[in-house]
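# Report on the structure
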Amino acid sequence: ESDMEGGGYLIPTEFATSLLSVAIEKSDIMARCILVPMATNAIDYPIINGFDRSGGLVHGGVQYYWVDEEGAFTSTNVKPGRVSLRLKKVVGLSYVSAELMEDSPISVTPLLTSAFGDALVWTLDDVFITGTGVGKPLGVLNSPCKVTVAKETGQAAATIEFNNVVKMYARIWRDSNAIWMANRACIPQLATMSLAV
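In this text the structure is predicted, and so the values were computed from the model without any measurement. (Residues numbered from 1 in each chain as written. Predicted model: local features only at pLDDT ≥ 70, side-chain atom pairs only at ≥ 80, totals over all residues. Heavy atoms only, no water.)

Right, let's talk about the overall build of the protein for a bit. Assigned secondary structure in the protein consists of five helices and two strands. The secondary structure elements of the protein, listed N-terminal to C-terminal, are α-β-β-α-α-α-α. The proportion of buried residues among the 197 residues of the protein is 18%. Taking the intrachain contacts of the protein between residues at least 6 apart in sequence as the baseline, contacts between residues at least 24 apart amount to 55%. When the accessible surface of the protein is summed, it comes to about 15400 Å², and 58% of that surface belongs to carbon and sulfur atoms. (Helix = DSSP H or I, 4+ residues; strand = E, 2+ residues; numbered from the N terminus. Buried < 20%, exposed > 50% of the residue type's maximum accessible area, 1.4 Å probe, protein only. Contact = heavy atoms within 4.5 Å. Areas by Shrake-Rupley, 256 points an atom, 1.4 Å probe, with all protein chains shown as cover.)

Below is the structure:
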């Protein structure tokens with residue numbers, strides 16, 4: 001930012017906020033995130049620890065009973081929990097030639113905003129899926145909440161079958177919040193799969 005020859009003076013104060021707004025608008029994942037404002041580098045965020053529903057409890061302790069008048073029921077407590085949030089820095093960098101700044105100083109800012117916005121969307125979507133949690137967010141594929149579905153007996157490696165998709169769909173808890181994501185290389189198999197009847 002201090003190098004005026006490199007175009008540092010083109011970066012307005014609200015640039016980061018603008019980029020984040022672009023990311024939220026364009027990203028299928030970011031739009032589903034809970035945005036937590038942070039005034040410090042670390043906070044403990046309260047949650048309801050309700051991930052295990054095997055006992056018929058929702059949110060760790062909410063349970064309904066069908067009872068007759070004055071019928072007995074057992075009280076339960078919602079299980080509190082917390083997630084520790086630690087800020088990590090993500091940096092984007094690009095150089096702009098002096099000629100470009102001289103020829104078009106006003107239109108360079110929208111150009112950079114678009115380029116950096118798209119790059120931020122790609123970076124955040126990627127880390128939300130594959131992040132290791134070391135110096136960056138923990139992605140879904142590396143998190144303890146990941147649910148996997150076993151392949152079919154005799155299924156060839158790196159293939160997708162109709163039953164794979166049906167079994168994945170059966171594991172979705174709430175359809176309205178679900179999104180399907182697939183590598184572009186999978187599209188031909190997904191578009192041509194069939195079920196013999």
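And the narrative resumes.
Turning to the pattern of salt bridges, a few remarks are in order. For the structure on display, the rule yields three salt bridges. The closest approach of N and O atoms between K26 and D118, which form a salt bridge, is 2.5 Å. With K26 in helix α1 (residues 15-26) and D118 in helix α3 (residues 108-130), the pair connects residues that are 92 residues apart, well separated along the chain. Put simply, E152 and K167 hold a salt bridge, and the shortest N to O gap is 2.9 Å. Of this pair, E152 sits in the loop between α3 and α4 (162-170) while K167 sits in helix α4, and the two are 15 residues apart along the sequence. By relative accessible area, which is 16% here, E152 ends up buried. (Salt bridge = Lys/Arg side-chain N within 4 Å of Asp/Glu carboxyl O.)

With that settled, consider the nonpolar core. Among the nonpolar cores identified, the biggest contains 13 residues, and A23, L112, L120, L124 and F128 are the most heavily contacted of them. Going through the elements one at a time, α1 and α3 are the ones with two or more residues in this core. With eight residues, α3 is the largest single contributor of residues to this core. Setting aside its immediate chain neighbours within four residues, F128 contacts I29, M30, C33, P137, G139 and V140. (Core = buried A, V, L, I, M, F, W, Y, C linked by side-chain atoms within 4.5 Å.)

Attention shifts here to the packing of aromatic side chains. If you walk through the whole model with that rule in mind, you get one aromatic pair. Considering the side-chain rings of Y169 and W180, the 6.5 Å spacing of their centres and the 15° angle between planes classify their relative orientation as stacked. Remark: W180 occurs in the loop between α4 and α5 (187-192) and Y169 occurs in helix α4; sequence separation between them is 11 residues. Residue class for W180 comes out partly exposed when judged on its relative accessible area of 49%. (Phe/Tyr/Trp six-rings, centres within 6.5 Å; stacked < 30°, edge-to-face > 60°.)

Tracing the backbone shows Q155 in the loop between α3 and α4. Not counting residues within four places of it along the chain, the set of residues in contact with Q155 comprises I160, E161 and N164.

Here we take up a nonpolar patch on the surface. A grouping of I48, V62, Y64 and V78 is seen on the molecular surface, where their side chains present a nonpolar patch of about 410 Å² in accessible area. You can call V78 partly exposed: its relative accessible area is 39%. (Patch = residues over 30% accessible without salt bridge, like charges linked within 9 Å, V, L, I, M, F, W, Y side chains within 5 Å.)

Helix length check: α3 (23 residues) gives 32 Å between terminal C-alpha atoms against 33 Å at 1.5 Å per residue, within 8%. Three or more residues of α3 are buried, namely V108, L112, T113, F116, G117, L120, V121, L124, D125, V127 and F128. (Expected span 1.5 Å × (residues − 1).)

Purely spatial values, then, with no claim about function.
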